[in-house]
Amino acid sequence: QVQFVESGGGLVQPGGSLRLSCAASGSVLKFYAMGWYRQAPGNERELVAGITIFGSTTYGGSVKGRFTISRDNAKNTVDLQMNNLQPDDTAVYYCGAKNSLNAPYGNWGQGTQVTVSS
């Protein structure tokens, strides 16, 4: 089973930027889509961004225009560039994948903490 390892989280001031990276232990081409989710304390896990094997992207409403997801199939990585970070972006960010259009995301990594605070 392909495993994911997230990195790049940390503490950043409001308005700052971070770049998260998800490294897969195997080929990401076997998945229909890769995605980033996040979960803040007391909240459900929510979709941040997803990218299909065809390169189509989707974003959660609150991050549109600020976050960009990308994938490098040769390196088996999926990155999330996060700009203009706000305190509401504070959460643990998880990388996951799904095998088909209508399948749920799963196969989560351990997560990386992002904290936006002054």
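Higher on the page you've got the structure.
Residues numbered from 1 in each chain as written. Predicted model: local features only at pLDDT ≥ 70, side-chain atom pairs only at ≥ 80, totals over all residues. Heavy atoms only, no water.

## Description of the state of the cysteines
Defined simply, a disulfide is a covalent bond joining two cysteines at their sulfur atoms. The cut-off we apply is this: In this description, a disulfide is simply a cysteine sulfur pair whose atoms lie within 2.5 Å. Numbered from the N terminus, helices here are DSSP runs of H or I no shorter than four residues, and strands are runs of E no shorter than two. Exposed residues in this analysis have more than 50% of their type's maximum accessible area, buried residues have under 20%, and partly exposed residues fall in between, with area computed by a 1.4 Å probe over protein chains only.
A complete count under the given rule lists one disulfide for this structure. Here Cys22 engages in a disulfide with Cys95; their sulfurs sit 2.1 Å apart. Sign of the S-S torsion, about -75 degrees for the bond between Cys22 and Cys95, identifies this disulfide as left-handed. With Cys22 in strand S3 (residues 18-24) and Cys95 in strand S9 (residues 91-98), this residue pair connects regions lying 73 residues apart in the sequence. Take Cys95: its relative accessible area is 0%, and that puts it in the buried class.

## Focus on the side chain of Glu6
Cut-off, in case you're wondering: The charge count treats Lys and Arg as positive and Asp and Glu as negative. His and the chain ends do not count. We count a salt bridge whenever a side-chain nitrogen from Lys or Arg sits within 4 Å of a carboxyl oxygen from Asp or Glu. What qualifies as a polar contact is a pair of N or O atoms within 3.5 Å, subject to a donor-acceptor requirement within protein and to the restriction that residues adjacent in sequence count only when both atoms come from side chains. Note on contacts: a residue pair qualifies if any of its non-hydrogen atoms lie within 4.5 Å across the two residues.
Inspection of the secondary structure assignment puts Glu6 in strand S1 (residues 4-7). Put simply, Glu6 is tucked away with no salt bridge, and the nearest opposite charge, on Arg45, sits 7.3 Å away. A distance of 2.7 Å separates a polar atom in the side chain of Glu6 from the backbone nitrogen of Cys95. A distance of 3.5 Å separates a polar side-chain atom of Glu6 from the backbone nitrogen of Gly109. The contacts of Glu6, once residues within four sequence positions are left out, are Ser21, Cys22, Trp36, Tyr93, Tyr94, Cys95, Gly109, Gln110, Gly111 and Thr112.

## Some words on the nonpolar core
The test is simple: Put simply, a nonpolar core is a bunch of buried Ala, Val, Leu, Ile, Met, Phe, Trp, Tyr and Cys residues held in one set by side-chain atoms that sit within 4.5 Å of each other.
With 29 residues, the main nonpolar core has Phe4, Met34, Trp36, Leu80, Met82 and Tyr93 as its most contacted residues. If you list the elements that add at least two residues to this core, you get S3, strand S4 (33-39), strand S5 (46-52), strand S7 (67-72), strand S8 (77-82), S9 and strand S10 (112-116). Setting aside residues no more than four positions away along its own chain, Met34 makes contact with Phe4, Val28, Ala49, Gly50, Ile51, Ile69, Arg71, Val78, Cys95, Gly96, Ala97 and Tyr105.

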